[in-house]
Amino acid sequence: MRLSASLLCIYFYALLSSGTSSSGDDRRWLVALVDLVELDYVDHCEQRATATWNELIGGNKGLSTKLERDKAFGIFSKHQTTEVRKGLSGYTLAANDDVLKRKVKLLLQPGDTLLEPEQWIKLVTFGNTALHRIRFATDYDCGNNRSCTLRELQSSLARQQDEETLISMKKSWEQNLPDMTEYLEQILPLLRNASKENEHESVEDYWNFLVEYEGALLKARELWDNIKPLYIKLHKYVSLRLKGSDAVGNPLPVHLLKSLNGDDWSNIIESLLPQHPAIYQKVQANLQLKDLGGINAFKAAFNLIEELKLGELEADLWTDSIFNSTCPPVLLDWCKPNKVRIVSCKDVSLVNYVDAHEAAMKMKYKEIAAVHSNNTYILREAPRYSATFEAIPGFISLLALNPHALNRSGLFPLDVFSYNANHHRLVLQLITALQDLPKLNFYLAADEWRLKVLMGLIPYSKIPSSWSEFRKEFSLLETSDIDLLGDPYILFNKPFIGKFMGLILKYQIYHSFADELISDEHDLVNHVSENNERISNTMMQGFGRPWPEMISELLATRENGLEFTGLTDYYRLLDDYLDRQLDPPKESSDDYIEPVTEPSPEENEIIEISREKTEATIKDETHEDLLENVIDTGIDDLLAKFGAETSTVGVLEIKNPVHSGDQSKDVKEASYNTYWWIGIAVVLAIIVILIAIIARKRHNHRKQLERQRRDNTHA
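Residues numbered from 1 in each chain as written. Predicted model: local features only at pLDDT ≥ 70, side-chain atom pairs only at ≥ 80, totals over all residues. Heavy atoms only, no water.

**Topic: the overall build of the protein**
What counts here: By definition, any uninterrupted DSSP run of H or I lasting at least four residues is a helix, any uninterrupted run of E lasting at least two residues is a strand, and each is numbered from the N terminus. Between buried and exposed lies partly exposed: a residue is buried under 20% and exposed over 50% of the maximum accessible area for its type, with that area taken using a 1.4 Å probe on protein chains only. In this analysis, two residues are considered to be in contact whenever any of their non-hydrogen atoms come within 4.5 Å of each other. Here the open area of atoms and residues is found with the Shrake-Rupley method and a 1.4 Å probe, where only the protein chains shown may cover a residue.
Helix and strand content of the protein: 32 helices and 6 strands. Of all 715 residues assigned to the protein, the portion counted as buried reaches 48%. When contacts within the protein are restricted to residue pairs at least 6 apart in sequence, those whose partners lie at least 24 apart make up 74%. When the accessible surface of the protein is summed, it comes to about 36,100 Å², and 51% of that surface belongs to carbon and sulfur atoms.

**Description of the state of the cysteines**
Any covalent bond linking the sulfur atoms of two cysteines counts as a disulfide. Where we set the bar: By disulfide we mean two sulfur atoms from cysteines, separated by a distance within 2.5 Å.
Applying the stated criterion across every chain, the model contains 3 disulfides. Two residues share a disulfide in this structure: Cys 142 and Cys 148, whose sulfurs sit 1.8 Å from each other. Residues Cys 142 and Cys 148 are joined by a disulfide whose S-S torsion is about 80 degrees; by sign, that bridge is right-handed. Linked covalently through their sulfurs, Cys 327 and Cys 345 form a disulfide whose S-S length is 1.9 Å. Looking down the S-S bond of the Cys 327 and Cys 345 bridge, the torsion is -85 degrees, so its handedness is left-handed. Within this pair, whereas Cys 327 is found in the loop between helix H14 (317-320) and strand E4 (330-333), its partner Cys 345 is found in the loop between strand E5 (340-343) and helix H15 (350-371), the two being separated by 18 residues in sequence. Judged by relative accessible area, which is 2%, Cys 345 ranks as buried. Numbered by position along the chain, the disulfide-linked cysteines of the protein connect as 1-5, 2-3, 4-6.

**Points about the pairing of E5**
Using the following cut-off: Two strands form a pair only when DSSP identifies at least two bridges running between them.
Covered by surrounding structure in E5 are Val 340 and Ile 342 together with Arg 341 and Val 343, the residues of both alternating faces. Sheet analysis places E4 next to E5, joined by 4 bridges and oriented antiparallel. Residue pairing across strands places Asp 333 opposite Val 340, the latter belonging to E5.

**Re the packing of helix H20 (residues 421-454) against helix H28 (residues 572-582)**
For clarity, the cut-off: Every angle, taken between N-to-C directions, lies between 0 and 180 degrees, and every axis is a line fitted to C-alpha atoms, over only the stretch in contact when it is a helix. Should an angle fall under 35 degrees it is called roughly parallel, over 145 degrees roughly antiparallel, and 65 to 115 degrees roughly perpendicular, with every other angle called oblique. When residue character is reported, Ala, Val, Leu, Ile, Met, Phe, Trp, Tyr, Cys and Pro are called nonpolar, Asp, Glu, Lys and Arg charged, and the others, Gly included, polar.
Closest axis-to-axis distance for the H20/H28 pair is 8 Å, and the angle between their directions is 90 degrees. Here H28 runs roughly perpendicular to H20, going by the angle between their axes. The residues of H28 that touch H20, namely those facing Asn 422, Arg 425, Leu 426, Gln 429, Leu 430 and Ala 433, are Arg 572, Leu 573, Leu 574 and Tyr 577. Across the contact of H20 with H28, the residue classes tally to 6 nonpolar, 2 polar and 2 charged.

**Some details on helix H23 (residues 497-514)**
Side chains that are three or four residues apart share a direction in an α-helix, a result of its 3.6 residues per turn. To keep it simple, the criterion reads: Expected span of a helix, by definition, is 1.5 Å for each gap between consecutive residues, and there is one gap fewer than residues.
An ideal rise of 1.5 Å per residue puts 26 Å on 18 residues; H23 measures up with 26 Å between its terminal C-alpha atoms. Across the 18 residues that make up H23, a large majority, 16, are buried.

**Some words on unusual backbone geometry**
In this model, Cys 327 is joined to Pro 328 through a cis peptide bond whose omega is 0 degrees. Topologically, Pro 328 is positioned in the loop between H14 and E4. Even without a glycine there, the phi angle at Glu 199 is positive, about 65 degrees. Tracing the backbone shows Glu 199 in the loop between helix H9 (190-197) and helix H10 (203-211). Phi at Glu 212 takes a positive value of approximately 60 degrees, unusual for a residue other than glycine. Taking the relative accessible area as the measure of exposure, Glu 212 reaches 16% and is therefore buried.

**Thoughts on the environment of Phe 474**
Position of Phe 474 relative to the elements: it lies in helix H21 (residues 466-475). Placed 26 residues apart in sequence, Phe 474 and Glu 448 show a C-alpha to C-alpha distance of 9.8 Å. Not counting chain neighbours up to four residues away, the residues in contact with Phe 474 comprise Trp 224, Asn 441, Leu 444 and Ala 445.

**Some points on the nonpolar core**
For clarity, the cut-off: Residue types Ala, Val, Leu, Ile, Met, Phe, Trp, Tyr and Cys, when buried and joined through side-chain atoms within 4.5 Å, form a set referred to as a nonpolar core.
Counting residues in hydrophobic clusters, the biggest one holds 169 residues, and the most contacted among them are Tyr 183, Leu 399, Phe 500 and Met 501. For this core, the element with the highest residue contribution is H20, accounting for 19 residues. Every residue in contact with Tyr 183, bar those within four places of it in the chain, is listed here: Phe 126, Leu 188, Pro 189, Trp 449, Arg 450, Leu 485, Ile 490 and Asn 493.

**Re the confidence of the model for the protein**
Cut-off, in case you're wondering: Looking at any residue, its pLDDT shows the predictor's confidence there, from 0 to 100.
For the protein, mean pLDDT is 85; residues scoring 70 or higher make up 82% of the total. Confidence, read as mean pLDDT per element, is least for helix H31 (residues 649-655) in the protein (33) and greatest for helix H22 (residues 488-491) (98). The low-confidence segment residues 1-21 (pLDDT under 50) makes 25 contacts with residues lying over four places distant or belonging to another chain. Note on residues 602-672: pLDDT is under 50 here. Beyond four places in sequence and across chains, it has 35 contacts.

**So, the packing of H20 against H21**
The criterion, for reference: Each crossing gets its hand from how the near helix is turned against the far one by less than a right angle, where anticlockwise is left-handed and clockwise is right-handed.
Orientation of H20 relative to H21, taken along the N-to-C sense of each, is 135 degrees, at an axis distance of 10 Å. Accordingly, the angle class assigned to the pair H20 and H21 is oblique. Of the two elements, H20 crosses H21, and the hand of that crossing is right-handed. Mapping the contact onto sequence places Asn 441, Phe 442, Leu 444, Ala 445, Ala 446, Glu 448, Trp 449 and Lys 452 in H20 and Ser 466, Trp 467, Phe 470, Arg 471, Phe 474 and Ser 475 in H21. Here the residues of the contact of H20 with H21 are counted per class, giving 8 nonpolar, 3 polar and 3 charged.

**A word on the environment of Met 361**
With respect to the helices and strands, Met 361 occurs in helix H15. Put simply, Met 361 and Phe 395 are 34 residues apart on the chain and 9.3 Å apart in space, counted from C-alpha to C-alpha.

**A word on the packing of aromatic side chains**
Remark: the centre distance and the inter-plane angle together describe each pair of aromatic rings, the angle taken between the planes. To keep things clear, this is the line we draw: Side-chain rings of Phe, Tyr and Trp (the six-membered ring for Trp) are treated as a pair once their centres are within 6.5 Å; stacked means planes under 30 degrees apart, edge-to-face means over 60, and tilted covers the remaining angles. In this scheme, Lys NZ or Arg CZ marks a charge over a ring once it lies within 6 Å of the ring centre and within 35 degrees of the ring normal.
Per the stated rule, a full pass over the model turns up 27 aromatic pairs. On the numbers, 5.2 Å between centres and 90 degrees between planes, the contact of Tyr 510 with Tyr 570 is edge-to-face. With Tyr 510 in helix H23 and Tyr 570 in helix H27 (residues 565-570), this residue pair connects regions lying 60 residues apart in the sequence. On the basis of relative accessible area, Tyr 570 is assigned to the buried category, the value being 13%. Geometry around Tyr 489 places Lys 494 over its ring, the cationic atom sitting 5.4 Å from the centre. Just above the ring of Phe 513 sits the side chain of Arg 534; from NZ or CZ to the centre is 3.7 Å.

**Quick notes on the pattern of salt bridges**
Just so we agree on the cut-off: Here a salt bridge means any side-chain nitrogen of Lys or Arg lying within 4 Å of a carboxyl oxygen belonging to Asp or Glu.
One pass over the full model with this rule turns up 31 salt bridges. The shortest N-O distance in the salt bridge between Arg 135 and Glu 55 comes to 3.4 Å. Of this pair, Arg 135 sits in helix H5 (residues 117-136) while Glu 55 is found in helix H2 (residues 23-56), placing the two residues 80 residues apart along the sequence. Here Glu 55 falls in the buried class, since its relative accessible area comes to 4%. A salt bridge links Lys 364 to Glu 367; the shortest N-O distance between them is 3.1 Å. In this pair, Lys 364 and Glu 367 are both assigned in helix H15, 3 residues apart and thus about one turn of the helix distant. Overall, Lys 364 belongs to the buried group, its relative accessible area being 1%. Salt bridges sharing common partners tie together Arg 48, Lys 66 and Asp 70.

**Quick notes on the environment of Ile 227**
Along the chain, Ile 227 turns up in helix H11 (residues 216-243). As for Ile 227 and Ile 504, which are separated by 277 residues in sequence, their C-alpha atoms are 10.0 Å apart. Look past the residues within four positions of Ile 227 in its chain and what remains in contact with it is Leu 437, Leu 440, Ile 504, Phe 564 and Leu 567.

Written out as structure tokens, the structure is:
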């Protein structure tokens, strides 16, 4: 290895300097050692990324090569920790040497790679083998006795309506999951060993350390207590719409949510939409028309990122990435600037469109962090779980559903949105809530359950079936005992707490920008682009500082912690709607305003031509004096005889046709339906008058005949 020879040179220099070295020489020696260690980390990162890429695309020997690289990385990382610790002996870092102190701390406590080599090998072998089987199995049940791939299963699950088939689909997925007994006995206990190797007494403390937030799990529980009422309302609403009022408050089977483990309920959105779901239907239709899936969804995402003035996209991404695999997207980083690749699916859906925006922003986050001068390897790829790395991309995914962003993307026109702004916001909030609230619940449930198992709070005999019981109580969901083993964070013993806090923080970021607008109708996307420094500055720092220290700068407030109010304020319209649905008021009103539908371009052309011809004809056949435009039909005398009045309204309408654009907003447009009925009434009146005239004439004629008959008789 290159490092061994390099270290020999450093040691030789240290021997020559012994006895006469100054503190400055010691620092230079330590900096040189850290730089060399980081260079070797980059080499390992490249090798692992290449092997992972080959495995993801199904390359020959992809899994075996990936396992070799991952095993070697763990052994290397543990060895370098020892070397840095030796190099640090006898030297005290200066209090103001922040960058070097940060690097040394991250190198000395790299997390799970401090496990003994055989334990590390066991962990990565279990996780990689399980994920490979899940990703490439072809015996999933897609219904109609048809075997399929994971991508086809995900697509079929979203469309399936038959409950028995949904159950069969989920079971076929669970058959490809790893063994729960092996996980409980061989993999999960490794967390205790990793905690001790990183000098922490408990797994909870170890996870708090990895998230770099003191008391992270305690804070997460506090946040969830304030968010839980909204989750419960959403759960009750889903139960009401799927199973009726008798099911409200009872656990819901996960298969009814068309979800494999219950962490995302988006597939049932069409069963939950409120009355007038025009925005969802229009957006879905336009996504299909524009084919905004796969590569096109990512191009739309980078258009938004460029609009936010956060930089352009590296061109090689489109040719080097894969867009016909499975969703959600997987990002692969070679630990070098501008070398991040994507593996994603090409399916068109609103969920995939939003996920593409989040994944694209994670790529931009890595790129911006990499080009910053201080960010060498360890400050870009630190073994920590940053909430800002989750929150900022999540914030961009929220912006993707902002009305101004939807308008610019051609998915939903802003003028139509303005007719029923709050109603459309409600529908958009329901869409995001079906993704984020179940995720928050799943993240915390998975971490809490693992801690309970490791702390011995669950009787040993009940542990294998305890996940489903815990989920039923904590989440009000009926799941299997093993479905959590389909998640990579579970397979590799990673904590979800960083993702949980990132979800909370993304709503705080959204709220901080939205609060600066004069009104909800103003362009939030444009406002963020004009004030994007606090986002870009946070990304530039990478892992140079613990993320909690950057919260106040990111939010442009004095807040230096996480608050639930950003999320609850965002969902205020949804919260009110759920209250009304679960406890309907005695009197309800529908405030929805049907928007005025504009004719299609072809119809506009026809109307304009017709109007031009009409106006030209009228101009030729009418006089300047309106009174002269009254046509003498010979009926006026008859009408005058019976007291009827004539009107020049029709003439005025032709002479001065009214256009909606010529009127002020305070004047109502003329109702042509009214004119239609007036015309019918006038015609009926004329007919009645004519009938009366004819009857009167016949009556007079009969009298005249009778008089003549009498005269003849007398004669």
